[in-house]
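So the chains spell out like this:
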There are 2 protein chains.
Amino acid sequence: MAFEGAHFRRRCTAQETKTSTVHINDRSPQQEEDIMTAMEIGKEVAALCKQGKNQDAIDRFYAPNVVSIEACAMPGMERTQKGIQAIKDKNQWWVDNHEIHGGSVDGPYPHDDRFILHFKYDVTPKQTGQRITLDETGLYTVQNGKVVKEEFFYSM
Amino acid sequence: MAFEGAHFRRRCTAQETKTSTVHINDRSPQQEEDIMTAMEIGKEVAALCKQGKNQDAIDRFYAPNVVSIEACAMPGMERTQKGIQAIKDKNQWWVDNHEIHGGSVDGPYPHDDRFILHFKYDVTPKQTGQRITLDETGLYTVQNGKVVKEEFFYSM
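Residues numbered from 1 in each chain as written. Chains lettered and ligands numbered in written order. Predicted model: local features only at pLDDT ≥ 70, side-chain atom pairs only at ≥ 80, totals over all residues. Heavy atoms only, no water.

The name an unreviewed UniProt entry gives chain A is SnoaL-like domain-containing protein, with Nitrospira moscoviensis as the organism.

Shown next, in the form of structure tokens:
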């Protein structure tokens, strides 16, 4: 494990910004466009999740063929969901089945083309009526400015 | 993004425990031994880190050929360190160069053979004398009961 002073990190951030500029249209190389980095997408996704706008985050920042993998299967659902619509449906299922009292989102924590978010939610699942705290992290992989994979890490 | 009630997760935990039992010696298959899961190792590593015993965690739970990858390079050091001794040296360098006032370790958050820890440290780097909060996550990959990769996620 190693940590470093914040003043050492400025160089790293500058490098990330520099390498994020790529040509996205081979026919018009002079029209350069910035593809969002993992860090930039992470900031937007975290901000939307904090406002409860998770579906907006999916619409705006997820690739059509995104894959979502849970730490374990939910009842009546596979661990792995493929495609943006399946992931929106899973998210909607969760919203429909939980009363959300509050929560927090820490991050994003970036590393190359990935970022981590840390979620804590104070919820009551409608099925049990028992108020609980959900504490989990999500690992997101970005390609070409879109989230192509989300993996959730949690335990009992 | 999706979450689920804690009561749904018991089944997942039981499955993880079951699949963690494997033969580690082909010549004595009747002598089954439990290889620690990512969750079990994560709990031990988190507990040791909370006590400031990071070197003990490396000694006990890291594979000899473990790889450590920072989000960006530290001054005078490559982003990637290979081998347990190099990682112990990096850790010692950090301890020697920071005054640690306090901190917290959240987790482990497991997902198959990986787990995430979330660190917040209140430190003063000796080089600057300026007290700061370091906030980062670590993604750990486990094989055969040992940590074989640690990746740190953070930004400015």
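Still to come is the rest of the account.
Points about the pattern of salt bridges
Any two side chains of opposite charge can pair, so long as their charged atoms come close to each other. Counted under the stated rule, the structure contains twelve salt bridges over all chains. Between Lys88 of chain A and Asp59 of chain A there is a salt bridge whose closest N-O contact spans 2.8 Å. Of this pair, Lys88 of chain A sits in helix H4 (residues 84-96) while Asp59 of chain A is found in helix H3 (residues 54-61), placing the two residues 29 residues apart along the sequence. For Asp59 of chain A, a relative accessible area of 42% puts it in the partly exposed group. We note a salt bridge from Arg131 of chain B to Asp122 of chain B, for which the minimum N-O separation is 2.6 Å. Arg131 of chain B gets classed as exposed once you look at its relative accessible area, which sits at 53%. (Salt bridge = Lys/Arg side-chain N within 4 Å of Asp/Glu carboxyl O. Helix = DSSP H or I, 4+ residues; strand = E, 2+ residues; numbered from the N terminus. Buried < 20%, exposed > 50% of the residue type's maximum accessible area, 1.4 Å probe, protein only.)

Examining the pairing of strand E6 (residues 114-125) of chain A
Residue and element names in this part refer to chain A. The element E6 is extensively covered by neighbouring structure, given that ten of its twelve residues are classed as buried. Across eleven bridges, the pairing between strand E5 (residues 98-111) and E6 is antiparallel. The residue of E6 that forms the bridge with Ile100 is Val123. Two successive antiparallel strands, E5 and E6, enclose a turn made up of two residues, where Asp112 displays a positive phi of approximately 55 degrees. Inspection of the sheet shows E6 paired to strand E7 (residues 132-143) by ten bridges, in the antiparallel sense. Within E7, the residue paired with Ile116 across the bridge is Leu139. Between E6 and E7, which pair antiparallel one after the other, the connecting turn spans six residues, and Gly129 there sits at a positive phi close to 70 degrees. (Pairing = 2+ DSSP bridges.)

Brief notes about the UniProt feature "domain: SnoaL-like" (unreviewed entry) in chain A
Per the UniProt record, "domain: SnoaL-like" (unreviewed entry) is found at residues 36-154 of chain A. Between the C-alpha atoms that bound residues 36-154 of chain A there is a distance of 28 Å. The span itself is 29% helix and 48% strand. (UniProt positions renumbered as here; feature names shortened; annotations may be inferred.)

With respect to the sheet that holds E5 of chain A
Residue and element names in this part refer to chain A. Strand order in the open sheet made by the six strands is E4-E3-E8-E7-E6-E5, with mixed pairing throughout. Two strands close off the open sheet at either side, each with one partner strand: strand E4 (80-82) and E5. Taken pair by pair, the neighbouring strands of this sheet meet at an average axis angle of 20 degrees, ignoring direction. With four bridges joining them, strand E3 (residues 62-69) and strand E8 (residues 146-153) adopt parallel strand pairing. (Axes fitted to C-alpha atoms, helices over the stretch in contact; angles between N-to-C directions.)

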